[in-house]
Each structure stands twice: as C-alpha cells, then as structure tokens.
Amino acid sequence: MNLITDMFKYDGQPIGIIDRMRTNFAWADDFMTNNDEDWTLTGDATIGFAASSTSGYQIGGWLQMTTTANDNDEAYMTTGACLKCDVNKPWAVAARIVCVEAATNTANLIFGVINAGAANVLIDDAGGPIVAADKCVFYKTDGTMYWNCKTAKTTGTGTNVQTTLGTAMTGSTGVYASSTVYDLVVAFQAPKVSGRNGTLHYFINGTEVATHPVTTGTATSTVTAQPTAVMTPIIGVKTGSANAQKVLVDWVAVVATR
C-alpha cells in the first residue's frame, strides 16, 4: 500500500481528490482548541470565546461564547463569506449548539447564513434578525420557547421574506428548551437551470421542519425572492434581560459546490 498515492485517489481513481476539490469545498471546526483565527467575533467588550467550562460540555471539544450581563448585550461569531444561492451551487451549513439560559425565556439566538456580521444582527428587545440582510437562518427570540426559520432578501418585506414560526413547524420539533442539544442544518437545493426555483430546507435534529421555495423571478406569497448576496455562517446570542447568556458549540460544518 502506498499511502501517499492513495491519499490522492477518489473511488480508486488517480488524482480524484484534486478533481473533487476543483468542484466542491468543505470545512469544519470541532473546537478542540480555542481557535479564533478562523472566526470573526462581534459583541460587547468582554465577550467570552473559550473552551467550554460548563459541566457536561467538554468531551469532543466544545466552544463557549458568553455575553456580558446587561439587557441587549450580544455575541456573534462569523467566518468568511463563502456561500451563495445560485444555479448548480448547492450548499449546506450545520452546527451542534446548546444555550444554557441564565433566566427563563430570555435568550435570543441565531444560526445559519447571512451577509451581515456586525453588531445588532439580532434586533434589541426580541426583534428577531436584522431586516437589511440576505439570510437563511434559524432564530429564537426572548419571551418565546420555539425556533423560527427565515429566508429573506435584503429588502426584507413582502414576498422577499418567508418565515416559519416554531408553533407551525411539524409536530413538536420546533420547540426550544434551555440546555438542550440541537443539531441545526440549513441546506440550499439549487436549481439545475436558470429560471427554475431553488429550495431552502431547514432541519432540527434530523427532521425537516421548514421548506422555503425561492426564485430569482417574480416572488409570490408562497415562493420568496432568492437571497443573492454571498453569505457567511453565523452563530449568535443576545440577552433579553440583565443576565449574561452563553452558547455552547460542539462543531460547525460547511459543504458546497464551488
């Protein structure tokens, strides 16, 4: 066995891995170390970004991101803009996250992809995600105990937005609970040819909870305008009271066609 040669094969074909890299890319972070070189951190002055110190969330590498203890304090992590909804360009972004709420119902959360990474991506006082951004995200607002899904163009009104409330998701899969592990996936099913619709799929713990058709043509009440910006993965938390909130992240993964 020639290990070096085998490394550069795919399905037994020479240089197959190079062919795969020409057309696809994938990236994952398992947070075995506190690596903020791959992430841009946005938040209040004392934002914490470190290996988890919370009991039960260390094995396998867990990141802990913590806000300061004032109402509407926030913390976000984003990486390079690398995903776009386009013809023959499917992609998916996934993460395993937990929020251990400091006070019941008071955490605001976001996960998915967005073309904005600045402060106030989550609007103060349970306002949800920023309007002026292309986005495909899960989010939760303080005062509620369920996930929402939102697909939107930056214009942010009318048929440019499609939102699914947790109370309307399939069964009880949209229900949110503190200290509960969630595997969240946002996947773009790309159209094969120009002029056809694409689809955003949202999964919680392996169950599809929302399906949002998108179009580059004329949006309708059931088919929203397709996001067109290049977007970055994002994970964020915002306080809904004067209590510090923390999000624990086990891993983040991205896979896409170039």
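Note: the structure precedes this text.
As the structure is a prediction and not an experimental result, all values here were calculated from the model.

(A) Spatial organisation of the packing of aromatic side chains. Following the criterion strictly, the structure yields nine aromatic pairs and no others. Here W27 and W39 contribute two aromatic rings whose centre-to-centre distance is 5.4 Å and whose plane-to-plane angle is 55 degrees, an arrangement assigned as tilted. Residue W27 is located in strand 3 (residues 24–29), and its partner W39 is located in the loop between strand 3 and strand 4 (40–43); the two are separated by twelve residues in the primary sequence. For W27, a relative accessible area of 28% gives the class partly exposed. One aromatic cluster in this structure is built from F138, W147, Y176, Y182 and Y202.

(B) Structural context of the pairing of strand 15 (residues 182–189). Two strands pair when backbone bridges link them, and strand 8 (residues 91–100) and strand 15 are joined in this way by seven bridges, in the antiparallel orientation. Bridge pairing in strand 15 places A95 opposite L184. The pairing of strand 15 with strand 16 (residues 198–204) spans six bridges and is antiparallel. Counted as the bridge partner of V185 is F203 from strand 16.

(C) Quick look at the pairing of strand 8. For strand 8, the tally of buried residues reaches eight of ten residues, placing the bulk of the element in the interior. Taken together, the ten bridges between strand 8 and strand 20 (residues 246–257) define a ladder with antiparallel strand orientation. Looking across to strand 20, one finds that A95 is bridged to V252.

Reading guide: rules and limits
- Residues numbered from 1 in each chain as written.
- Predicted model: local features only at pLDDT ≥ 70, side-chain atom pairs only at ≥ 80, totals over all residues.
- Heavy atoms only, no water.
- Phe/Tyr/Trp six-rings, centres within 6.5 Å; stacked < 30°, edge-to-face > 60°.
- Helix = DSSP H or I, 4+ residues; strand = E, 2+ residues; numbered from the N terminus.
- Buried < 20%, exposed > 50% of the residue type's maximum accessible area, 1.4 Å probe, protein only.
- Pairing = 2+ DSSP bridges.

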